[in-house]
Amino acid sequence: MWVLGAHSFYCSESEHKTNCCDKFYVKESEPEATDMEQPPARPTWSRQIEFTLAGIGCAVGLGNVWRFPYLCYRSGGGAFLVPYLLMLVVLGVPLLYMELTVGQACVGCYFCPASGVGIASVAISFIMCTYYNIVITWALYYLFSSFQAPLPWQNCNNTWNTANCTNYATNSSFSSTASQEFFNGVEEAGALQWELFLILILGWILIYLCIFKGVKSTGKVVYFTALFPYVILIALLVNNVQLPGALDGIKFFIVPKWDKLLEVEVWVNAAAQIFNSIGIGFGSLLAMSSYNSFKNNVLKDTLSISIINSLTSILSGFVIFSAFGYMSYLQGIPVDSLAVDGPGLVFVVYPQAFAMMPVAQLWAVMFFFMLLCLGLDSEFAMVEVMVTSLMDEFYHPLMKVFQRKELFVLAVCGVAFLLGIPCVMQVGIFVFQLMDHYTAIVSIMFLAFFEVLAICWGYGVKRLSSNLKEMTGRGANIFFKLCWLIVAPVLITVLLIFSIIQFKPARYGDYVFPPWAQGVGWVIALASIVWIPLGAIHTLWVLPGSLMQKLKLSITPYALNEKSNMPYYERGGTYGREVIAVISLSEKPAQTNF
C-alpha cells in the first residue's frame, strides 16, 4: 500500500515480543548473517532527556527568531498570535504526537523511506539543509565582525558604503541604512565572496562534528546548543525592555489588528509556521524518535517540544519588538514603518538596533552566537534524516563504498555544501529567498496533506492508538483521535486549497521574481513532492489485477496478508534479507517465508 510507504519500518527479531512488527514490517526468517555482514546495533539515546533536548533544539531554530517575528510584523502584530496558537492546538500538538508515535513504534525500527511521502520527507529535509546552512554562514560572518570596534554596520564610514547611506532609517526610497548596505555587501559582492565561501565550509565542519557519531555525539551537543540560547534571549529581553520606546514595540506585538484575521494568507502563514517550526512533515523528529526506548512517554515529549517551541517564539517576539520600539523612538517613525523583510529582520534591522545600544559589541556577539546555536540544532537534525534513512535502507551497499559511517556522513555533508555554494555567490540572497519560499511554504503544505492522509486515514487512527497503548499503556484520548481523524485532515485540506487559490509569487523586498525564476522555484518544489505521485503510480503498476482491483489493494491495509508475493513489497532488509510489508489482523506478528 503506497500510503503506508509514507513511513515504513523494519523491526528486529527482538521486537517480536512486543508485537510491534504487527504494525509495519515483518522480517523474514532466513539464515543468520555473519558478523561481518551484520551492521552495528542500532544506538539509542544515553538518557531520555537527550531526546527531549534534541527535539527542542530541532524545533526551536532560526525560524523562531526570524520567521515568527517577521510574520507577526507583516500580519498585524498580535492578530497573528490568534491563528498561530489555534493551529498549535489543533494541528501542531496532534500531528507531532502522531509523528513521534510512528517513529517510536518499536525499538530498533528503521525509518525506511520506501516510497511516496517517505521519500518526499527525506527530499525536502535535504533541500532545506542545503540552503539553511547559509543562515548559519551569515550568523558566523556577523559573529566574527562583531568583535570590531566600532561595529562595521554602525556608521557609513566604510569602503562599501554609498553616497545614499544613512545612519538611521528614513522614509526616503533613495537612502539605505549602514546595516542594510553591510548586508548587501555580504550577499552581493561579485561572482563568489570568498569570506562567505570559507565560512560556509566552517559551518559544514561544525555540522559534521555534531553528527558524525550519530545520537551519541548529538546527545552531548544538545545540552549546550539547546539550552544556552535561552540565557542569551533572557539577557537581551532584560536589556531591551529598559530602552526608551520599547513598550511601543511590545504593544505592536501583543495588540491585535483584528481586520487581519479576515485575510486567508494570515491563517495559511500561521499553519506554515507551525509546520516549519515544529518540523511536521520533514521527518527530523520522526527519525530521532526511532532511537527512543520502546516504553518512552511520547505525550510528555510532544507537549514539552511543542509548548517550549511556541513559548520561545513568543519570547523572541518580545525581544525583537522591544528593539523595534527603541529604533522607532530614535528615528521618530512608527513601528510599522520600519523596513523589515525576510532574513533582513535579524541581519539588517536588529544589527542596526545593536549599533544604538550601550556596549554594542557585547550584545552583537551574544545575539549572533545565539543564532549559531539555534541554527546548528535544526541543521544537524535535517542532515540526520538523510543519513538515517539511507543507512537503514542501504547499509551494505553504502558500507562497501565508504567502509565507515563517518565517511558516509562526510559525503552527505560534502554534497549539501556543494549545492549551497550558489547562495554565497552574487545575489545569493535571491537564491536563498526563492528556495525558502518554494520549499518551506509551498512544498510543506502538500507534504503535510499527504502525510496526514497516509497515517490518519490510510494506516488508521484505531491502529495508531493501539500502537500507542502498546508502548505507554494508554491509547490516544478522544481529542487526539478527533484531530487525527477529522480536524487535521479537513483543516489542512482547506489551507492547501486556499494557499493554491491565493498563491503569490516569491519576492524579496519590492523585487518580484521574474517568470523564469518562478519556474525554477517550482522545479525546486517538485523535487520533493513529485515522489508522492510517483510512489502511487509505481504501486499501481506492480499490483496484480484490474485497475479497480489495483486501486482497492493500494488503499487496503490488510491486502498484503492475501497478496504476500507482490513484487512491490519485496524489500532488502538491513541484513540483506527479504522483507515484506505485513499488517496483521491477529494479535501475533505474521511470519512469511519464501
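Because the structure is predicted, anything quoted here is derived from the model rather than measured. (Residues numbered from 1 in each chain as written. Predicted model: local features only at pLDDT ≥ 70, side-chain atom pairs only at ≥ 80, totals over all residues. Heavy atoms only, no water.)

Another aspect to go through is helix H17 (residues 405-420). Along its 16 residues, H17 runs 23 Å from first to last C-alpha, staying within 8% of the 22 Å computed at 1.5 Å per residue. For H17, the set of buried residues is Glu406, Phe408, Val409, Val412, Cys413, Ala416, Phe417 and Gly420. Packing partners of the buried residues in H17 comprise helix H5 (117-145), helix H7 (194-211), helix H15 (360-393) and helix H16 (395-402). (Helix = DSSP H or I, 4+ residues; strand = E, 2+ residues; numbered from the N terminus. Expected span 1.5 Å × (residues − 1). Buried < 20%, exposed > 50% of the residue type's maximum accessible area, 1.4 Å probe, protein only. Contact = heavy atoms within 4.5 Å.)

What the second largest pocket holds in volume is close to 780 Å³. Contributing to the lining of the second largest pocket are 37 residues, with Arg74, Glu265, Asn269, His437 and Ile441 lying nearest its centre. Mapped onto the lining of the second largest pocket, the elements with two or more residues apiece are helix H3 (67-74), helix H11 (264-279), helix H18 (428-472) and helix H19 (478-501). Ranked by residues supplied to the lining of the second largest pocket, first place goes to H11 with 8 residues. For the lining of the second largest pocket, the class distribution of residues is 19 nonpolar, 9 polar and 9 charged. (1 Å grid on protein atoms, 1.4 Å probe; cavity = no way out; pocket = protein on both sides within 12 Å on 5 of 7 lines; lining within 4 Å. Points joined across faces, edges and corners; volume = space filled by probe spheres on them. Nonpolar A, V, L, I, M, F, W, Y, C, P; charged D, E, K, R; others polar.)

Here we take up the UniProt feature "binding site: Na(+)" (unreviewed entry) in the protein. Per the UniProt record, "binding site: Na(+)" (unreviewed entry) is found at Gly57, Ala59, Val60, Asn64, Ser277, Asn309, Leu374, Asp377 and Ser378. These annotated residues cover 322 residues of sequence, but their C-alpha atoms sit close together, with the largest distance between any two at 12.9 Å. Of the annotated set named above, Ala59, Asn64, Ser277 and Ser378 line the largest cavity. Among residues more than four places away in sequence, those in contact with asparagine 64 are Ala59, Pro69, Ser277, Asn309, Thr312, Ser313 and Ser316. There is a polar contact of 2.8 Å between the side chain of asparagine 64 and the backbone nitrogen of glycine 61. Inspection of the secondary structure puts leucine 374 in helix H15. For leucine 374, the contacting residues outside a window of four places in its chain are Gly57, Val60, Gly61, Leu62, Val65, Tyr132 and Pro229. (UniProt positions renumbered as here; feature names shortened; annotations may be inferred. Polar contact = N/O pair within 3.5 Å; in protein donor to acceptor, adjacent residues only side chain to side chain.)

With respect to the helices, strands and loops of the structure, alanine 416 is situated in helix H17. C-alpha of alanine 416 to C-alpha of isoleucine 127: the two residues are 289 residues apart in sequence and 8.2 Å apart in space. Contacts of alanine 416, omitting those with residues within four sequence positions, involve Phe126, Cys129, Thr130 and Trp204.

What follows concerns the pattern of salt bridges. All chains considered together, the criterion is met by 3 salt bridges. Put simply, glutamate 263 and lysine 260 hold a salt bridge, and the shortest N to O gap is 3.8 Å. What makes glutamate 263 partly exposed here is its relative accessible area of 32%. (Salt bridge = Lys/Arg side-chain N within 4 Å of Asp/Glu carboxyl O.)

On inspection of all chains with the given rule, the structure shows 33 aromatic pairs. Judged by centre distance (5.4 Å) and plane angle (80°), the rings of tryptophan 194 and phenylalanine 197 are edge-to-face. In this pair, tryptophan 194 and phenylalanine 197 both sit in helix H7, 3 residues apart, roughly one turn of the helix. For phenylalanine 197, a relative accessible area of 15% translates into the label buried. One aromatic cluster in this structure is built from Phe68, Tyr73, Phe80, Tyr84, Phe252, Phe253, Phe318, Phe321 and Phe324. (Phe/Tyr/Trp six-rings, centres within 6.5 Å; stacked < 30°, edge-to-face > 60°.)

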